[in-house]
Each structure stands twice: as C-alpha cells, then as structure tokens.
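# Report on the structure
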Amino acid sequence: MKLSKKTVTALSFTIGACVFVSTAFADALLGSGYDRLKSSVKMTASQMEAGLGSYKLESLMTIKSNGQEVLQTSSFKKIDMNMKASEESTVTQYAGGQTTSYYSYSDTKRSVWKNDKDAQYYVTEFPEGQYRGKREMFTNPFNEKEAPEIEKIVDAVVGNLKDYVQAEERADGGKVYAGSLSEAQVPAIVNAVSSFGLKQMLRDQARSSQDAKLPAIESDIFVKKVTGTAIENKAGLLESMTGEIIVSGKDKDGVQHDLSAGIVFKLSDVGKTTVAAPDLTGAKVEKVSQTNGFGSKHVGTYVNNIVMEKDGQFVKIGERKLEITSVDENKVAGKYSETVKPGYESEYGKPYSFDFEYNPDQTKSMPLFTYTNDKGEQANGQLHPGSNGKVYLNLDIEVVDENSYRSSSSQYFDGEFTRIFAE
C-alpha cells in the first residue's frame, strides 16, 4: 500500500474519512476572508495540477491521544509537470517506536520504488504510451465529480463560523488567515458531523494499521478546539497551511479521551524544482512486470484467519484462502474461498468463493478486478503484494472517482494473507 504507499493512500494522512469534517473546520477559520481564501485554495490546486511547472510539497500529519503522540507521517515530494516526473519520500512513526518508510520515483519511462521491508529497489518499465506518471503527481480534488456537492454542504455547515477569524494583509502583498474556535463556539451540527467522521476515521485507521494505538471513542463526542493558519503569497498561491482539531469522547467503559490531529502543509520552490532519477549503480534492483508488482514467486496459497471478539477473547471463527495459480506478463489469475465454523454464519454472513483474473492497467490509478460476491452481485476487488510471503486483498470496493475508493468489507476482514509453505 508497498506498505507505505497504500497506507498513506488509505489513511489519507490518517484523516481520510474526516476530510469532509476537516474541510469544514478549515473553512471555519477563514473569517471575513472566507470567499477569498476558498478561491485561493481552488486556484492553488488548479495550478499544482497544471500551471506551476515544478514545485516541492512538504506535509506533516500528527495524531495524539491524551497528549501522547500515536502516529506521525511526514512526506516530501518533488514534482516536475513539464518532464512528467515526480519523486516522493514518506516516513511514518507509530506509538510503539515502529517506523515505516517508502520512496518512489516516476517518469514517462519507468517507475521505481523502495520500502523499508527489504534492501532493494523495484523497477517497472513502461511501454510507449503506457506510463502512469500523471497519477503519481497531483490531481486537483476540486475537479472530482462529487466536489461541487461537498462544497455546498460545507458552506451550509460552516454558516456563521466564517466570522470568527480575520484576514490580514501582509506587507509583501500576500495575506494571512488565522484564528481559533473554542468548544462553546462550535454548533451542534458541526459536532454531529465530527462524531460521524471520527468514528469512520477510527475504523479506517484500525483496518490500515495495527501499530497506531487509538482509543475506541464511541459516545459523547464533541469538538474542544480548532486552530489554523494559512499564508497566501502576492500571486494568490497558498504557501503554507497549518491546523489542529481536538476532539473529545468516551470509550465503551465511559473513560474520557482527547484526540488531536494536526496538519502542516508547505508549497515551495515553484518553477525551480528539479526531479532526478535515482542512481541505482551498485544497488540491488528487481525488475517488476506490469502485473502490479507480482511475479512467478507469488504463485502459491495464502491464508487469512477470520477472527472476532467474544466474551473478552479473540476467537478464530473461520479462514479465508487465496490461491494465486499463475502470473504472466499482464495477468494474475487465482481463486478465493471462505470457510466459517458452524454456529457463526449468522454473525459473519454467508461464506462464498470465486475465481478471478487480474489485469492491472498501469495507465489507471486503481487497477481492479471483478468477481461475484456473497449476494450474487458483481463487485470490485484489488490485489497487491506485501512484504515477503504476504499479499493484500481488498474486496467490495466502491469507486468514488478516478483517484479514490472505499471498501465496504466486513469488520472481520483485514486483507492481509500469509503464504503457506511446504515443510
């Protein structure tokens, strides 16, 4: 997700499902400059997709629980739109001291990536006209199909919160937007949206990483504080944005928890950034076919335990089996099946099986395969290799737009399958 790439995408800096809420709070900080800053955000996004030529993006996302940091993700990306090249490094640190990292480079001819799970680079060469560089760079979110409706909802939710913060002119012709909201200033509708968004975020976080220990807040959720600043240069581009939201709520035992999410974003070196391919001289390199990283070494059988919590204990109630039967230059073929122990069918659902052929199209941002689910309906799935002896499977994928999706898989489904080796 290549753990780092997929994890970052799934987390969307961990706040993925809370983007709607975060946008509402960000808008709330605009004060009298609401419309001006919203226009600046849109213009900056448009220029980042096509117009700036080249630039650097830096971001830092931090999540804390009761003041203790549980997750931090930093990303540094260089983009050259003219050369259709990009380079990115991402590092994620977890509460227990674990660290994951990911590096990628892409241009019109090849893609190179490396994570901290092994000591080698993976290289995919693109046939003429089939590079995936565009999706590795930047896509304007305001051009997505659902953007106009989301914007209307955000405007309605924000309401009079626009008036809380001032916009200040800078001496160099730019602007500064800054302000804060306290618990008493947050209306009930925003708290309601926050409650929904936070619960969804925690569920997504639990699926994507077991290393970030976040409390399961379930009730009495409310926003305690929101702060944020944005700096716009004289050309109307946003050079930096910072923000923090603190949300409080109770777990199932009635214990109060405060969760805070902070984000820092910086745009720099516009028109001056150079993206260079990594020097792989002397490095350990594996050439990967266009089957999304799969090779003949992945042929085999993989299993995934179906686990639920009952009476305070984890109980294995069944097993999933994924068999990769063949991998050629452009296709991965296999079988999937489930077995559930008698007595658990009503809680888990009807087990099912299917055969699949996966033809990853590198020109698409999310190559998918189709299968028939337990309801007899055609659904979308996604498969990608993990660390040694593991693969990751996502099922029941709903495509939101060209660059994003969500999964409605069972709460008992974590997607990690481990290889069965003959003794």
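Scroll up for the structure.
Residues numbered from 1 in each chain as written. Predicted model: local features only at pLDDT ≥ 70, side-chain atom pairs only at ≥ 80, totals over all residues. Heavy atoms only, no water.

The two faces of strand S17 (residues 369-372) differ: Phe369 and Tyr371 on one face are buried, but Thr370 and Thr372 on the other face are not. In this sheet, strand S18 (residues 378-385) lies alongside S17 in antiparallel orientation, the contact comprising four bridges. Paired with Tyr371 across the strands is Ala379, a residue of S18. Taking the residues that link successive antiparallel strands as the turn, the S17-S18 hairpin has five residues, and the phi of Gly376 there is positive, at about 80°. (Buried < 20%, exposed > 50% of the residue type's maximum accessible area, 1.4 Å probe, protein only. Helix = DSSP H or I, 4+ residues; strand = E, 2+ residues; numbered from the N terminus. Pairing = 2+ DSSP bridges.)

Across the sheet, 12 strands lie side by side as S7-S8-S9-S10-S11-S1-S2-S3-S4-S5-S6-S12; this open sheet has mixed pairing. Every other strand in the sheet has two partners, leaving strand S7 (167-169) and strand S12 (285-287) as the edge strands with one partner each. If you compare each strand with its neighbour and ignore which way they point, the axes differ by 15° on average. For strand S1 (residues 54-65) and strand S11 (residues 256-268), the ladder comprises 10 bridges, and the chain directions are antiparallel. Each residue of the ladder has a partner; that of Leu57, found in S11, is Leu267. (Axes fitted to C-alpha atoms, helices over the stretch in contact; angles between N-to-C directions.)

Turning next to the pattern of salt bridges. A full pass over the atoms with the stated rule returns 13 salt bridges. Across the pair Asp269 and Lys56 runs a salt bridge whose closest N-O atoms are separated by 2.9 Å. Of the two residues, Asp269 sits in the loop between S11 and S12 while Lys56 sits in strand S1, which places them 213 residues apart along the sequence. Residue Asp269 is classed as partly exposed on the basis of its relative accessible area, which comes to 33%. For Lys56, a relative accessible area of 21% puts it in the partly exposed group. In this structure, Lys316 and Glu319 form a salt bridge, with 3.3 Å as the shortest nitrogen-oxygen distance. The class of Lys316 is partly exposed, set by a relative accessible area of 36%. The partly exposed category is assigned to Glu319, whose relative accessible area is 25%. A single salt-bridge network, built from bridges that share partners, covers Arg170, Asp172 and Glu239. (Salt bridge = Lys/Arg side-chain N within 4 Å of Asp/Glu carboxyl O.)

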